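Per-entry structural report
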Amino acid sequence: MENEQIEELLLILDDKLTKTVSVLKEEFSSVRAGRANPHILDKVTFDYYGAPTPVTQAAGVSVQEGRCLVIAPWDLSVLKNIEKAIQTSNIGITPTNDGKVIRLVFPELTEERRRDLSKQIRKTGEDSKVAVRNCRRDAMEGIKKLKNDKAISEDEASLGEKEVEKLVADAISQVDNAVSSKEKEVMTV
């Protein structure tokens, strides 16, 4: 592409699409599939000397036997605060505290819960596709504006639109791949 304005539009579009796909994958990392996943604690914070602190920054988190997360705080005085934060968060698992560590045992998912998670995954994927389409609309409007302002020719606009469609198709295929792999992970017993 020779026109710098179209190049800039395409770079902005590519950046937005990349962020959309990475946000989707980040959301999927917190969906639990019957196996212990330390990322489920990423958004859980507790009060640590007056400051909201993520659990993962105040404790060692490890997976034990595939379905059990062990949270070992570096400062044992915050054990109760971490336990309370996990209980009040909506991760759906009750922590057990033995005085030194907190254990989160992930129950085996029922078929009905797997289907619900699968629906949730598809809905999140659809939301990401809507975001991708909104990015496409913005880029197409930018190209149309450049064309109407006579900053680019018809041919350049056509090439720019084709490039936009190519980037969008790639992003949608990445979303579809992420959705299908996460759905497969959730549905596997």
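Scroll up to find the structure.
All of the points below concern the structure found in this document.

What counts and what doesn't
- Residues numbered from 1 in each chain as written.
- Predicted model: local features only at pLDDT ≥ 70, side-chain atom pairs only at ≥ 80, totals over all residues.
- Heavy atoms only, no water.
- Phe/Tyr/Trp six-rings, centres within 6.5 Å; stacked < 30°, edge-to-face > 60°.
- Helix = DSSP H or I, 4+ residues; strand = E, 2+ residues; numbered from the N terminus.
- Buried < 20%, exposed > 50% of the residue type's maximum accessible area, 1.4 Å probe, protein only.
- 1 Å grid on protein atoms, 1.4 Å probe; cavity = no way out; pocket = protein on both sides within 12 Å on 5 of 7 lines; lining within 4 Å.
- Points joined across faces, edges and corners; volume = space filled by probe spheres on them.
- Nonpolar A, V, L, I, M, F, W, Y, C, P; charged D, E, K, R; others polar.
- Expected span 1.5 Å × (residues − 1).
- Contact = heavy atoms within 4.5 Å.
- Pairing = 2+ DSSP bridges.

**Details of the packing of aromatic side chains**
Each aromatic ring pair is described using two quantities: the centre-to-centre distance and the angle formed by the ring planes. Taken as a whole, this structure holds two aromatic pairs when the rule is applied. Taken together, Phe 46, Tyr 48 and Tyr 49 form an aromatic cluster joined through their ring pairs.

**Focus on unusual backbone geometry**
With a phi angle near 55°, Tyr 49 is a residue other than glycine that sits in the positive phi range. With respect to the element layout, Tyr 49 can be found in the loop between β1 (45–48) and β2 (51–54). Accessibility expressed as a relative area gives 68% for Tyr 49, which makes it exposed. With phi around 60°, Lys 150 is a residue other than glycine that occupies positive phi space. Here Lys 150 shows up in the loop between α4 (111–148) and α5 (154–187). Residue classification places Lys 150 among the exposed residues on the basis of a relative accessible area of 73%.

**So, the layout of surface pockets**
One number sums up the size of the largest pocket: a volume of about 410 Å³. Looking at the largest pocket, it is lined by 17 residues, and the ones nearest its centre are Ser 30, Val 31, Ile 40, Asn 90 and Ile 91. Those elements that provide at least two residues to the lining of the largest pocket are α1 (4–29) and α4. Looking at the lining of the largest pocket element by element, the count peaks at four residues for α4. For the lining of the largest pocket, the class distribution of residues is six nonpolar, six polar and five charged.

**Thoughts on α5**
Taking 1.5 Å per residue as the helical rise, α5 with its 34 residues ought to reach 50 Å, and the 49 Å between its terminal C-alpha atoms agrees with that figure. Buried within α5 are the following residues: Ala 157, Gly 160, Val 164, Val 168, Ala 171, Ile 172, Val 175, Ala 178, Val 179, Lys 182, Glu 183 and Val 186. Contacts from the buried residues of α5 go to α1 and α4.

**Some words on the pairing of β2**
Direction of pairing for β1 relative to β2: antiparallel, over a ladder of four bridges. Residue Asp 47 lies in a different strand from β2, and its bridge partner there is Pro 52.

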